[in-house]
Amino acid sequence: MTAFIEAASPHTMNTYGRLPIALSHGQGVRVWDVNGKAYLDGLGGIAVNTLGHNHPKLVPALQDQIAKIIHSSNYYHIPNQEKLAAKLVDLAGLSAEGGKTFFCSTGLEANEAALKLARKFGHDKGIEKPEIVVYEHAFHGRSIATLSATGNKKVQAGFGPLVEGFIRVPLNDIAALKQATEGNPNVVAVFFETIQGEGGINAMRNEYLQQVRKLCDERDWLMMIDEVQCGMGRTGKWFAHQWAGIKPDVMPLAKGLGSGVPIGAVVAGARAANIFQPGNHGTTFGGNPLAMRAGVETIQIMEEEGLLENAAVVGAHLKAGLEAALAGEKGVREVRGHGLMLGIDLDRPCGVLTQRAADAGLLLSVTADSVVRLVPSLILTKAEADEIVAILCPLIKAFLAEPVAP
Ligand SMILES: *Cc1c(COP(=O)(O)O)cnc(C)c1O
């Protein structure tokens, strides 16, 4: 039964550095592996399992949907597409301006659609070589275009030539953004994550977001906010940029939107809602009945159970607990993030902590080499947050006490 987890997988491509663990089932924020070992799930499938595992309302709804129809085709109307699209536009504050949504199945696809929207936005106003501003340390996916927008040489290595038309700038530096785009008539959009996930839990400051919004308005650029990881309630608002009181023109979503069922979406305000015309874009699986039901039910359950507030309250509790338990540790640079999207930045690479935490019964990930990332389900309780602190912080302290390899 467990032989396949001992060695490298013989038949699947070698694309992931996997732990020797295979999960069998879950309940709430707990999961069990095929050997019966239990874990507290601090990763939530990488910010995907919004409602945890085996949610008592989501599971029967999905069973009902599967029995009715799983997939039809975008040749036909899919009623829950309209329902979910209207809801997302509303949550984004874009209803009054006639916002619209496009559905796909993954984060990179949502970003790919956003990039195509930006290019066509440019072409429609006579810009033949549109350019898009992107950021250092950004992660937008692994298609050729989205990896070109990604600010990580490791992700790009071996896949050149990259797609052209990107201008890269540092985070939170409005002067650098102005300088990088000065006198360039080809700029059509600014594209970023409100809180960078893979890049190490790096947030855009509210003031900077407001400055970028103003610049986009003045220069007729699209403000495109990748909320694939930080969106869908994780920070305590539906979308993380809402803490700055701004609205995007284009907003890709995915990860947590279907609580585990693959789904992606691009929500657009007035300036981008009507750019695509029949034939410009599409995808076979996008907006299929199962994914749409998952999205509709996920949002409804989040509202019924007050999960935005829970993410804010339990997230603040978790952050305070981590800070208190790690206070005075010299190797801890910072505990940062918002709501249930937290990173513990250490002064050295700490990839070994993923295995050590798993051994101790806690799932998490390490990103950007030295940042321990926690993105659990939004149903996490304060008691469960305390458990995370109790398991994780002694491991971090013991790790930091080890001599650093030469
Ligand atoms: C995960 C992620 C993506 C890519 O999503 P996939 O579903 O893996 O293609 C894009 N942007 C951000 C911010 C992400 O966190």
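Residues numbered from 1 in each chain as written. Predicted model: local features only at pLDDT ≥ 70, side-chain atom pairs only at ≥ 80, totals over all residues. Heavy atoms only, no water.

Engineer: In this structure, what is going on with helix α13 (residues 382-401)? I would like to understand it.
Structural biologist: An α-helical turn contains 3.6 residues, so a residue and the one three or four places further along point in the same direction. With 20 residues, α13 should cover 28 Å at 1.5 Å per step; its first-to-last C-alpha distance of 28 Å lies within 8% of that length. Taken together, the buried positions of α13 are occupied by Glu384, Ala385, Ile388, Val389, Leu392, Cys393, Leu395, Ile396, Phe399 and Leu400. (Helix = DSSP H or I, 4+ residues; strand = E, 2+ residues; numbered from the N terminus. Expected span 1.5 Å × (residues − 1). Buried < 20%, exposed > 50% of the residue type's maximum accessible area, 1.4 Å probe, protein only.)

Engineer: Looking at this structure, how should I read the sheet that holds strand β2 (residues 30-33)?
Structural biologist: Within a sheet, each strand pairs with its neighbour through backbone hydrogen bonds, oriented either parallel or antiparallel. The mixed open sheet is built from four strands, whose spatial order is β1-β2-β3-β15. Both outer strands of the open sheet, β1 (23-27) and β15 (362-363), are each paired with one neighbouring strand and no more. (Pairing = 2+ DSSP bridges.)

Engineer: Can you walk me through the packing of aromatic side chains in this structure?
Structural biologist: The geometry of an aromatic ring pair comes down to the distance between the two centres and the angle between the two planes. All chains considered together, the criterion is met by four aromatic pairs. Relative to Tyr76, the ring of Tyr75 lies with its centre 6.4 Å away and its plane at 80°, an arrangement referred to as edge-to-face. What makes Tyr75 exposed here is its relative accessible area of 76%. Given a relative accessible area of 56%, Tyr76 falls into the exposed group. (Phe/Tyr/Trp six-rings, centres within 6.5 Å; stacked < 30°, edge-to-face > 60°.)

Engineer: Where do I start with the pattern of salt bridges in this structure?
Structural biologist: Pairing between side chains becomes possible if they bear opposite charge and their charged atoms approach one another. As enumerated under the stated definition, the model contains 21 salt bridges in all. Between Lys125 and Asp220 there is a salt bridge, with the nearest N and O atoms lying 2.7 Å from each other. With a gap of 95 residues between them, Lys125 in the loop between α5 (107-124) and β5 (131-135) and Asp220 in the loop between α9 (206-219) and β10 (222-226) connect regions that are remote in the sequence. Judged by relative accessible area, Asp220 falls into the partly exposed class, the value being 32%. Two residues, Glu198 and Arg373, come together in a salt bridge whose shortest N-O distance is 2.6 Å. Taken together, the residues Glu198 in the loop between β8 (195-196) and β9 (202-203) and Arg373 in strand β17 (residues 371-374) connect sequence positions 175 residues apart. Judged by its relative accessible area of 25%, Glu198 falls in the partly exposed class. Through salt bridges with shared partners, a single ionic network connects Lys125, Arg213, Asp217, Asp220, Asp249 and Arg271. (Salt bridge = Lys/Arg side-chain N within 4 Å of Asp/Glu carboxyl O.)

Engineer: Looking at this structure, I do not really get the sheet that holds strand β13 (residues 332-338). What am I missing?
Structural biologist: Taken in spatial order, the four strands of this open sheet run β13-β14-β17-β16, and their pairing is antiparallel. Where the open sheet ends on each side, the last strands, each with one partner, are β13 and β16 (365-367). On average, adjacent strands in this sheet sit at an angle of 25° to one another, irrespective of strand direction. When β16 meets β17, the two strands line up antiparallel, connected through three bridges. When the bridges of β17 are listed, Val366 appears paired with Val372. Against the sheet, α13 contacts β13, β14 (341-346) and β17, and its axis sits at roughly 20° relative to β14. (Axes fitted to C-alpha atoms, helices over the stretch in contact; angles between N-to-C directions. Contact = heavy atoms within 4.5 Å.)

Engineer: Please clarify how α5 should be interpreted in this entry.
Structural biologist: In this model α5 runs 26 Å from its N-terminal to its C-terminal C-alpha over 18 residues, within 8% of the 26 Å that 1.5 Å per residue would give. Within α5, the full set of buried residues consists of Gly107, Ala110, Asn111, Ala113, Ala114, Leu115, Leu117, Ala118, Phe121 and Gly122. Gly126 sits one or two residues past α5 and shows a positive phi near 90°.

Engineer: Looking at this structure, how should I read the nonpolar core?
Structural biologist: The nonpolar side chains of a soluble globular protein tend to be buried with one another. Of all hydrophobic cores here, the largest spans 63 residues; its most connected members are Leu88, Leu318, Leu322 and Ile344. Ranked by the residues each element gives to this core, the list is headed by α13, at nine residues. Setting aside residues no more than four positions away along its own chain, Leu318 makes contact with Leu340, Leu342, Leu374, Leu380, Ala385, Ile388 and Val389. Counting residues in each nonpolar core, the second largest holds 23 residues, with Ala110, Ala113, Leu222 and Val266 among its members. (Core = buried A, V, L, I, M, F, W, Y, C linked by side-chain atoms within 4.5 Å.)

Engineer: For this particular structure, what's the right way to read the side chain of Ser377?
Structural biologist: Take Ser377: it is sitting in the loop between β17 and α13. The class of Ser377 is buried, set by a relative accessible area of 1%. Among the polar contacts listed, one links the side chain of Ser377 to the backbone oxygen of Asn49, at a separation of 2.6 Å. Sequence-distant contacts of Ser377, defined by excluding residues within four places in its chain, comprise Val29, Gly44, Asn49, Thr50, Leu51, Gly52 and Leu340. (Polar contact = N/O pair within 3.5 Å; in protein donor to acceptor, adjacent residues only side chain to side chain.)

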